[in-house]
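Examination of the molecular architecture
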Amino acid sequence: MGSRRPRQHPGSGEGSQAPEPGGRGGSGRGGRAHGAPYAQQVLQGGRGGNQGRSGGRQSRVDEAQQQQQRGRPGEYPGRGQVRGGTRPQQYPRGGRGGHGAGLPSTESSSPLAPELRQAMEPPHELAQASPMRAGLSESPPEALPVESREQHKQVPVQAEASASQEIVPAIPSSSKSVRFPLRPGKGSIGTRCLVKANHFFAELPDKDLHQYDVSITPEVTSRIVSRAVIKELVNLYKGSYLGGRLPAYDGRKSLYTAGPLPFTSQEFQITLLDDDNGSGSERRRRNFKVVIKFAARADLHRLGLFLDGRHAEAPQEALQVLDIVLRELPSARYAPFGRSFFSPDLGRRQPLGDGLESWRGFYQSIRPTQNGLSLNIDMSATAFIEPLPVTEFVMQLLNSDIHSRPLSDAERVKIKKALRGVKVEVTHRGNMRRKYRISGLTTQATRELTFPVDEGGTMKSVVQYFQETYGFAIQHTYLPCLQVGNQQRPNYLPMEVCKIVEGQRYSKRLNQNQIRALLEETCQHPRDRERDIIRMVKHNAYDKDDYAQEFGIKISDHLASVEARILPAPRLKYNESGREKDCLPRVGQWNMMNKKMVNGGKVKSWMCVNFARNVQESVVRGFCHELAVMCQASGMDFARDPVLPPLNARPDQVERALNARYHDAMNVLGPQRKELDLLIGILPDNNGSLYGDLKRVCEIDLGIVSQCCCTKQVFKMNKQILANLALKINVKVGGRNTVLVDAVSRRIPLVTDRPTIIFGADVTHPHPGEDSSPSIAAVVASQDWPEVTKYAGLVSAQAHRQELIEDLYKVWQDPQRGTVSGGMIRELLISFKRSTGEKPQRIIFYRDGVSEGQFYQVLLYELNAIRKACASLEANYQPKVTFVVVQKRHHTRLFAHNHNDKNSIDRSGNILPGTVVDSKICHPTEFDFYLCSHAGIKGTSRPAHYHVLWDENNFTADALQTLTNNLCYTYARCTRSVSIVPPAYYAHLAAFRARFYMEPETSDSGSVASGPVGRGSQSASRGTRAPGGAVVRQLPALKDNLKRVMFYC
């Protein structure tokens, strides 16, 4: 027993490739102003949300940990399920059937409007009365009226239209009226080849699947215990009451059988014995009442029709049953987390530092494909807490010897945070290893702790109690005790008598060193990963799995062989003044030698601040000179000398130093009516919060773009580093690095023939443990049609872990102006018109980070917001929309058919950039494809998965695949093609940047407040309301001049 107060007994726990280094060369011309009315419109339109953005994605480590950070469920099974767990309904194919999830109940979310009027496609030239041409009217259009979903009716619009005008389909009013686009045929462009995928095709069982509801009394919250109860029930009654059936159990409320049980409802009495704790005393007996009751039949016939393309939606219940059946055996063998299973026996353990270690494991999911059912198997890894004595864990955590000194307050807080919720076992009672869960840490040292030993209040010290009761002399009496049990009656356990229980996954945020160690351990060459996957499938022996045999599931043990095509790289245009005026990338790469940026930006005035103490002033001056020379050589109009000499500043005084130096510079530039164009910051390699503080001050307070350089870059200072910095600086000051030759010559289908805007959008969520911080949405949009290379970006804070982008379109009441329309889509459309002089007639919307379970929810809400933003600018303005989800958090991997064929792999052993797959392993009927657009660097490349949810522009497979692949060569930050389409990549960068904008107290202690919103933002009436009714503190406003450039690069 541990010491219990006031009573008297003291003393009685994924593998992936390394991140790619930036992307590639896009940039953009500065936009042209088109007269005062347009500027007036921008001012009156307002912004529907502020800039700001949540923490960036952690490196691709473990699927379960990634989902936890972004709040996204796993892959296919579950699409269309509402978060509450409601079973989806099925709809016939002919009625655009589908099912979806309900919209969030947050007050800030724009309610789903009735179906927007079927708008005629506007003619190429705007009507004279267009608000986008003439400026915003004094009375902005009001929001469309809101009705209940059941009351939605399609309202035809009487409008005159020429024969050439097409009808834009109305937005579906609910999931019952939406059907994702069917595949428009398969692509044909590119060099055909064969690749292997980590999919193992399965035969659809010919069984009669039954579902039963399970009720266990008293209620069990642990799935381990509930599984133990059902396992005992099966052992006792399989041959009798269960009629010889071997049921599959989901660990919660459902049981599945291959055929009916001999009853519709039956009650069982089950007794479990606690594990032997080594004390020799009688094991505790726990009695449970289990009621099994027939619920439904899972329809495999409809699943077969769906796989054959004759049914609109996948029967989720049938897929769920098959998934549960195939998880039964590994759930008993290994530690399950999400859709992955881990074990110390599946590979070597690797220390990660601070008391953590990595366990290897595998991911498993059953998926419907064009080739029937497929089992997706991939290798993964995650962090577990090392089963160490607690004192040793604490020494690793603090990286310090704790045996000779008391702990500081900061160390105590760090230990408490790391150990809360961890399970430990006591070691001071011989073979008796009783387990406890840590709830906290005492504020007093062990030698100071006393507790009452009788009703009279007689006190005894913890040290004395352990000596008298167990003959155990506590050595480290200056350390605090662990608190176990509840806060009302805590139990005290000295650290040195506790050992962490094995098999506890670490679910908190990993530090950078731990992420690096985990990636190093799990980053595998494609050949090795393929070998391990095949070994894992054979080790799992699905052909001998009792559950798979019971349900008639047969799994192939061979990787799927899939037809693929390698799309050609696009030709890139550079400035005519360079020796090379265009370039054809080779294997996803090229360089800037003999080339000049297609549009060089202007930097007439700049300054440098050095925060690195180990970089001497002479080195700083030399670095700045070389960087200026490189920018000039690359095609920029860049002043050789800074406005002021470089300044040395302390890292802990970043705000004071930047403000003071900025004012010094403006004292020089002000009389000349000039502005400061650029700040160069030199930072220590390990700079903590310095980078974020510098970006916040520059972009929120001063309104200048900045380029940070690490110490190692300054000392190394080769041409490659300087050229890469020049690429970033150019787009930050409004230039463009390169554009697609086909864009300039107007040869990109459905993009260059008429004004088209390309959006990218993403939402990132707080790290685990940050329970009240907001999620942050970012939207970027192209500003330079027809080149579609330069993207303006906006950001907005929203409710914690809200995946829908709430600020795409907003309507609010202003005391002076009345009803005002705004939001990120509206503002970016206005910006596009200002930059190009054209109104977008097409919208291509790349949406990152949406799981299949949220497809319907996100499409219905965000497509509706896009429509309303367009309608607020001009009556009947409804450009055609194509809505594409970009997914990177999946487990499909593609391997070369022959690893020894040097013509089919890149230098890293991965498949060649441009490899696209739209057959066999893709969706049975819908428009999706896998595209590996980048050359691998280290590990196994992860192809991006693109899934079209809405397509009024009627893209062919070739047109969308080629467009997407070509855009991946226009990324602005390096001369490589990147793994996801740049607008989605930019949205993520903008989101990551905006997390730095939050006030320090916001980012540490949460950002939901009931009072006014954050510094520089609009009034609280425009804030986003969290589910509890509190206003989410908006981000401080970005300076207007930065909204027009790619400041986030």
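Residues numbered from 1 in each chain as written. Predicted model: local features only at pLDDT ≥ 70, side-chain atom pairs only at ≥ 80, totals over all residues. Heavy atoms only, no water.

Some words on the overall build of the protein chain
As a reminder of what qualifies: Under the scheme used here, helices are H or I runs from DSSP no shorter than 4 residues and strands are E runs no shorter than 2 residues, and both carry numbers assigned from the N terminus. For the area figures, the Shrake-Rupley method with a 1.4 Å probe applies, and any residue is considered shielded solely by the protein chains shown.
When helices and strands are tallied, the protein chain shows 24 helices and 45 strands. For the protein chain, the exposed area adds up to about 40900 Å²; of that, 47% sits on carbon and sulfur atoms.

Looking at the pairing of strand S14 (residues 423-426)
Note the cut-off: A pair of strands is considered paired only if DSSP assigns at least 2 bridges between the two.
The pairing of S14 with strand S15 (residues 435-445) spans 3 bridges and is antiparallel. Across the sheet, the residue bridging to Lys423 is Arg437, located in S15. Summarising the sheet, S14 and strand S20 (residues 498-500) pair through 3 bridges and their orientation is antiparallel. The partner of Glu425 across the bridge, within S20, is Lys499.

Digging into helix H19 (residues 824-836)
The following threshold applies: Multiply 1.5 Å by the residue count of a helix minus one, and that product is the helix's expected span. Each residue is assigned to one of three classes by its accessible area relative to the maximum for its type, calculated with a 1.4 Å probe on protein chains only: buried under 20%, partly exposed between the two thresholds, exposed over 50%.
Here H19 contains 13 residues, and its C-alpha end-to-end distance of 18 Å stays within 8% of the 18 Å for a straight helix at 1.5 Å per residue. Across the 13 residues of H19, 13 count as buried, placing the element largely inside the fold. Immediately beyond the C-terminal end of H19, within one or two residues, lies Gly837, with a positive phi of roughly 80°.

Details of helix H13 (residues 617-633)
Threshold: Think of the arc as the fan of directions from the helix axis to the C-beta atoms. Here, two residues are considered to be in contact whenever any of their heavy atoms come within 4.5 Å of each other.
Compared with an ideal rise of 1.5 Å per residue, which puts 17 residues at 24 Å, H13 spans 24 Å between its outermost C-alpha atoms and is within 8% of the ideal. By the burial criterion, the buried members of H13 are Val620, Phe623, Cys624, Leu627, Ala628, Met630 and Cys631. In an axial view of H13, the angular spread of the buried residues amounts to 160°, which keeps them on one side of the axis. If you follow the buried residues of H13, they end up packed against strand S26 (606-610), strand S27 (637-638), strand S29 (678-683), strand S30 (705-710), helix H16 (711-716) and helix H17 (719-732). Backbone geometry just downstream of H13 places Gly635 in the positive-phi region, at approximately 115°.

Topic: the nonpolar core
Put simply, the test is: Here, the term nonpolar core denotes a set of buried Ala, Val, Leu, Ile, Met, Phe, Trp, Tyr and Cys residues that are joined through side-chain atoms within 4.5 Å.
Trp606, Phe638, Tyr846, Tyr946, Tyr986 and Tyr1048 are the most contacted members of the largest nonpolar core, which has 94 residues in total. Dropping the residues within four chain positions of it, Trp606 is found in contact with Cys624, Ala628, Phe638, Ala639, Arg640, Asp641, Pro642, Val643, Leu676, Leu678 and Ile680. Judged by nonpolar contacts, the second largest core, of 59 residues, contains Ile270, Val321, Leu326 and Leu559.

As for the environment of Asp762
Structurally, Asp762 can be placed in strand S32 (residues 756-764). Remark: the alpha-carbon pair of Asp762 and Leu804, spanning 42 residues in sequence, is separated by 9.4 Å.

Some details on the packing of helix H7 (residues 390-398) against helix H8 (residues 409-419)
Note the threshold: Axis definition: a line fitted to C-alpha atoms, limited for helices to the stretch in contact. Angles are taken between N-to-C directions and run from 0 to 180 degrees. Working rule for handedness: look at the near helix, and if it is turned counterclockwise from the far one by less than a right angle, call the crossing left-handed; if clockwise, right-handed. Residues are sorted three ways: Asp, Glu, Lys and Arg are charged, Ala, Val, Leu, Ile, Met, Phe, Trp, Tyr, Cys and Pro are nonpolar, and all the rest, Gly among them, are polar.
Running from amino to carboxyl end, H7 crosses H8 at an angle of 120°, the nearest separation of the two axes being 11 Å. Here H7 and H8 pass one another in a crossing that is right-handed. In this structure, H7 contributes Val390, Phe393, Val394, Leu397 and Leu398 to the contact, and H8 contributes Glu411, Lys414, Ile415, Ala418 and Leu419. The residue inventory of the contact of H7 with H8, partitioned by class, reads 8 nonpolar, no polar and 2 charged.

So, the environment of Pro924
Mapped onto the elements, Pro924 comes out in the loop between strand S40 (915-917) and strand S41 (928-932). Taking relative accessible area as the criterion, Pro924 reaches 15% and is therefore assigned buried. In this structure, the C-alpha to C-alpha distance between Pro924 and Gly372, residues 552 residues apart in sequence, is 7.8 Å. In contact with Pro924, not counting residues within four places along its chain, are Phe306, Leu307, Pro368, Thr369 and Gln370.

A look at the confidence of the model for the protein chain
What counts, and what does not: Residue-level confidence of the predictor, termed pLDDT, takes values from 0 up to 100.
Of all residues in the protein chain, 79% have pLDDT values of 70 or greater, and the mean over the chain is 83. Below pLDDT 50 for its whole length, residues 1-131 participates in 608 contacts with residues either more than four positions away or in separate chains. Scored below 50 in pLDDT, residues 133-167 makes 67 contacts in the model with residues more than four places away or belonging to other chains.

Side note on the pairing of strand S2 (residues 191-197)
Summarising the sheet, S2 and strand S22 (residues 560-566) pair through 7 bridges and their orientation is antiparallel. Within the sheet, the bridge partner assigned to Leu194 lies in S22 and is Glu563. In this sheet, strand S39 (residues 894-896) lies alongside S2 in antiparallel orientation, the contact comprising 3 bridges. Paired with Ala197 across the strands is Leu894, a residue of S39.

Brief notes about the sheet that holds strand S23 (residues 572-573)
Strand order in the open sheet formed by 3 strands is S24-S23-S31, with antiparallel pairing between adjacent strands. On the outer flanks of this sheet lie strand S24 (582-583) and strand S31 (739-740), each paired with one strand and no other. Where S23 and S31 come together, 2 bridges link them in antiparallel fashion. For Leu572, the partnering residue across the bridge sits in S31 and is Leu740.

Some points on the pattern of salt bridges
Oppositely charged side chains are able to pair whenever their charged atoms sit close together. How we decide: Put simply, a salt bridge is a Lys or Arg side-chain nitrogen that is within 4 Å of an Asp or Glu carboxyl oxygen.
Following the criterion strictly, the structure yields 45 salt bridges and no others. Taking the shortest distance from any N to any O, the salt bridge between Asp299 and Arg302 comes out at 3.4 Å. Exposure remark for Asp299: the relative accessible area of 30% places this residue in the partly exposed category. Look at Arg302 and you get partly exposed, because its relative accessible area is 25%. Among the salt bridges present, the one from Glu425 reaches Arg433, with a minimum N-O distance of 3.3 Å. The exposure class of Glu425 is buried, given its relative accessible area of 13%. Residue Arg433 is classed as partly exposed on the basis of its relative accessible area, which comes to 32%. Through salt bridges with shared partners, a single network forms among Arg360, Asp528, Arg531 and Asp532.

Considering the packing of helix H14 (residues 654-669) against helix H15 (residues 690-702)
Condition: Any angle that is under 35 degrees is reported as roughly parallel, and any over 145 degrees as roughly antiparallel; angles of 65 to 115 degrees are reported as roughly perpendicular and all others as oblique.
Contact pair H14 / H15: the axes reach a minimum separation of 10 Å and the direction vectors enclose 40°. In terms of orientation, H14 and H15 fall into the oblique class. Taken as a pair, H14 and H15 cross one another with a handedness that is right-handed. For the pair H14 and H15, the contacting residues are Val654, Glu655, Leu658, Asn659 and Tyr662 in the first and Leu690, Asp693, Leu694, Arg696, Val697, Cys698, Asp701 and Leu702 in the second. Each residue belonging to the contact of H14 with H15 can be placed in one class, and the counts come to 8 nonpolar, 1 polar and 4 charged.

Things to note about unusual backbone geometry
The omega angle of the peptide bond from Thr217 to Pro218 is -5°, so this bond is cis rather than trans. Position of Pro218 relative to the elements: it lies in the loop between strand S4 (209-217) and helix H4 (223-237). At Arg746, a residue that is not glycine, the phi angle is positive and equals roughly 60°. Tracing the sequence through the fold places Arg746 in the loop between helix H18 (741-744) and S32.

So, the sheet that holds S22
Spatial strand order, S34-S33-S32-S37-S38-S42-S41-S40-S22-S2-S39: 11 strands in an open sheet with mixed pairing. Single-partner strands in this sheet number two, and they are strand S34 (791-798) and S39. Taking each pair of neighbouring strands and ignoring which way they run, the sheet shows an average axis angle of 30°. Direction of pairing for strand S37 (residues 842-848) relative to strand S38 (residues 880-887): parallel, over a ladder of 7 bridges. Of the residues in S38, the one forming a bridge with Arg842 is Lys880. Helix-sheet contacts for helix H11 (residues 526-540) involve S2 and S39, and the interaxial angle to S39 is about 115°. Packing against the sheet, helix H21 (residues 957-967) makes contact with S22, S32, S34, S37, S38, S40, S41 and strand S42 (944-951), and its axis sits at approximately 30° to S41.

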